[in-house]
Amino acid sequence: MMPFTVTGAFDDGATYNVQITGRADRPVIGSHRATALVGLHQGGPVSLSPTGPVRTVAGDDEATVLAVLREYTNVLEEGPGAPRQARVPG
C-alpha cells in the first residue's frame with residue numbers, strides 16, 4: 001500500500017497530521033505524540049472496528065496503526081489509500 005495521511009486530535013485538543021507509512025521501523029511520521037502512541041500499543045491487541053476483528057498492532061500493518069489512532073484519538077480525516085473501517089449494518 002501507499003502511505004496515506006491522517007488528521008486528528010488528542011483528548012486535550014492538540015491536533016496532529018501524520019503519514020502512516022506501512023514500514024515496521026517507522027510506522028508514523030509527522031507527530032512525536034502519535035508516533036509514541038502507536039509505539040506504546042505495538043504488539044498489543046486492537047479492534048479494527050467496533051465489532052472487530054481484533055488484531056495485533058504492528059508497524060507494518062497500516063490497518064492496525066490506523067485502528068490505534070481511531071481508538072485513542074479523534075480521527076478527523078483519512079487521506080486517500082486509508083484502509084476503510086468496517087461498517088455495522090442497521
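Residues numbered from 1 in each chain as written. Predicted model: local features only at pLDDT ≥ 70, side-chain atom pairs only at ≥ 80, totals over all residues. Heavy atoms only, no water.

Caption draft 1: Inspection of the packing of aromatic side chains at higher detail. The final tally for this structure, using the stated rule, is one aromatic pair. Summarising the aromatic geometry, the rings of Phe 10 and Tyr 16 are spaced 5.1 Å apart at their centres and angled 50° between planes, so their arrangement reads as tilted. On the basis of relative accessible area, Tyr 16 is assigned to the buried category, the value being 4%. (Phe/Tyr/Trp six-rings, centres within 6.5 Å; stacked < 30°, edge-to-face > 60°. Buried < 20%, exposed > 50% of the residue type's maximum accessible area, 1.4 Å probe, protein only.)

Caption draft 2: Seen up close, the sheet that holds strand S2 (residues 15-20). Strands sit in the order S3-S2-S1-S6 across an open sheet of four strands; the sheet is antiparallel. Unpaired on one side and paired on the other, strand S3 (28-29) and strand S6 (74-78) mark the two borders of the sheet. Both strand S1 (residues 4-9) and S6 contribute to a ladder of four bridges, which runs antiparallel. Looking at S6, one finds that Val 6 is bridged to Glu 78. Helix-sheet contacts for helix H2 (residues 62-72) involve S1, S2, S3 and S6, and the interaxial angle to S2 is about 170°. (Pairing = 2+ DSSP bridges. Helix = DSSP H or I, 4+ residues; strand = E, 2+ residues; numbered from the N terminus. Contact = heavy atoms within 4.5 Å. Axes fitted to C-alpha atoms, helices over the stretch in contact; angles between N-to-C directions.)

Caption draft 3: Spotlight on the environment of Val 38. In this structure, Val 38 sits in helix H1 (residues 32-41). The class of Val 38 is buried, set by a relative accessible area of 1%. A sequence separation of 30 residues divides Val 38 from Val 68, and the C-alpha atoms of the two residues are 6.5 Å apart. Sequence-distant contacts of Val 38, defined by excluding residues within four places in its chain, comprise Pro 27, Val 28, Val 65, Val 68 and Leu 69.

Function cannot be read off these values alone, since they describe shape.
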